[in-house]
Amino acid sequence: MKFYDDILALIGKTPLVRINNITKQQKIKAQVFAKMESLNPGYSVKDRIGISMITWAEEKGVLKKGGTIIEATSGNTGIGLALVAAVRGYKCIFILTDKVSVEKNRYLKALGADIVVCPAAAKPGTPDHYVATAKRISEETPNSFYPDQYNHPANPAAHYRTTGPEIWEDTEGKITHFVASIGTGGTISGTGRYLKEMNPNIKVIGADPYGSIFKPYKESGRVPEATPYLVEGIGQSLPTGNADLNIIDEIINITDRESFEMARQLSRREGIFCGGSTGTIFAGALKVAKDLDEDAIVVFTVCDTGEHYLTKFHSDEWMKEKLLLEPQRISAALIMETKDSGAPGEIIFVAPTDTVAAALEKMNESGVTQLPVLEDHHSVGSLRESRVLAKLLQNRDLLESPVSVVMDESFPVLEVDANLGEIKRRLQKQPAVLIEDFKRITGIITRSDVLDLQR
Ligand SMILES: Cc1ncc(COP(=O)(O)O)c(C=O)c1O
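Nothing here was measured: the structure is a model prediction, and the numbers come from that model.

*Asks:* Please set out the overall build of the protein chain residue by residue, giving values where relevant.
*Replies:* Of the regular secondary structure elements, the protein chain holds 17 helices and 15 strands. In terms of its C-alpha atoms, the protein chain occupies a principal-axis envelope of roughly 95 × 55 × 55 Å. For the protein chain, the proportion of its 455 residues judged to be buried stands at 46%. Within the protein chain, counting contacts between residues at least 6 apart in sequence, those at least 24 apart form 65% of the total.

Structure, rendered in structure tokens:
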């Protein structure tokens, strides 16, 4: 029979996958490979350190039968630890911040862990900070083990022992550049150290969000004030014991927008469904590869799966809310679904037979200055408050006339899949556009709805 003893036997030995479409389009000559850590049983690179830190604790006698594992995590290390805990019979308590996606939070609960959520805004060293909270809970919990992935030597050791050799062997020693993110620093330091020992000419490059301290810290030796960013699991506000910056040749800063855009492209154009930190790394890898020739072999890590972020950057709604969505993906349907004002799908209109007085009252009640005139779900005209009032100044009796007497031509009508560029073009000349679905007018988009997208 062919089988594995338990799920933990599937950790590591992840394949390299060549990037084709994106590199071709960008005219990159170097070969770029994804190290598919998302194919680990817990769907992230952190499975490697979960088993490594627990095995260390068992061997040292720190973790005993029935013990509790307590860790501060952005989710993936928790998943890696929880898999081992499930197989070997330990309890888990994980301390997350409120920045961690709901998917990772629920995944950890599904694996049997207890979760404590701390504010992401809490500063390091303050009692509410997630690391301080993890330390406190571990001190208060008997028979517990607090791995402290930021400083535990079994973290980079796992990558030195497994990730590095796998990449070296799979590239037959031909790798020239290794690109990874820096969260705890375990991946880049452990893998980078191994690769440099095998060939000191291999360049190790860190990709880090703007706002994290690593780049300025490496370049100036000073730790600046960190500023918030949206990518999860990477970057820091303080140096970590496991981030050995001497191993890293260069650190490239990447914006949230570019990270998410590149993660979305990897998914859509290469079928590699990945998280935001992979987008950060891939953006860095492409910047590195751009200047290299065909002999270069660039390997970057796919840290985790996109499934952890389905309600975040893999959702157009979330991207739009964060003002990060590419304009060509902002469709009329999306603008209508996520409008700040009014219930989605509800359109305020008048019929051509309504009186002008009733139309003005409707504008007043709903706080709008224009209204479409609809008949049987089709647009037959439009009303603009200023023009109607100008006509009334000349003839007050029009108040009791039907709308059809004073109305102007219809607002332009676009299909639900019209994109932002097209909508903006129409709004240059008209105060609103109507949206049609299956030959029925289903919505209206005004200039202020579009301005809201550009806050
Ligand atoms: C999603 C994600 N990507 C990347 C990393 C970075 O890996 P490392 O901690 O080994 O630097 C982490 C964890 O810290 C992570 O959770």
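*Asks:* Account for the site of the ligand, naming residues and giving values.
*Replies:* Surveying the vicinity of the ligand reveals 18 residues, the closest of which are Gly 183, Thr 184, Thr 187, Gly 233 and Ser 277. For the shell around the ligand, the element with the most residues is helix α7 (residues 186-198), which contributes three residues. Considered class by class, the residues forming the shell around the ligand number five nonpolar, 11 polar and two charged.

*Asks:* Quick rundown of α7? Include the residues and the values.
*Replies:* With 13 residues, α7 should cover 18 Å at 1.5 Å per step; its first-to-last C-alpha distance of 18 Å lies within 8% of that length. If you check which residues of α7 are buried, you get Gly 186, Thr 187, Ile 188, Ser 189, Gly 190, Thr 191, Gly 192, Tyr 194 and Leu 195. Residues of α7 that are buried in the fold lie against α2 (47-60), α6 (154-170), β7 (177-181), β8 (203-209) and β10 (297-301).

*Asks:* Would you mind going over the sheet that holds strand β2 (residues 31-35) in detail, with residue names and values included?
*Replies:* Read from one edge of the open sheet, six strands run β1-β2-β10-β7-β8-β9, paired in mixed fashion. The open sheet terminates on both sides in strands that have one partner only, identified here as β1 (16-18) and β9 (250-254). Averaged over all adjacent pairs, the angle separating strand axes in this sheet is 25 degrees, with direction ignored. Along the sheet face, α7 touches β7, β8 and β10 and points at about 165 degrees away from the line of β7.

Reading guide: rules and limits
- Residues numbered from 1 in each chain as written.
- Predicted model: local features only at pLDDT ≥ 70, side-chain atom pairs only at ≥ 80, totals over all residues.
- Helix = DSSP H or I, 4+ residues; strand = E, 2+ residues; numbered from the N terminus.
- Buried ≥ 20, exposed ≤ 12 C-beta atoms within 10 Å, placed from the backbone.
- Contact = placed C-beta atoms within 7 Å.
- Near = placed C-beta within 6 Å.
- Nonpolar A, V, L, I, M, F, W, Y, C, P; charged D, E, K, R; others polar.
- Expected span 1.5 Å × (residues − 1).
- Pairing = 2+ DSSP bridges.
- Axes fitted to C-alpha atoms, helices over the stretch in contact; angles between N-to-C directions.

Worth remembering: the numbers are spatial, not functional.
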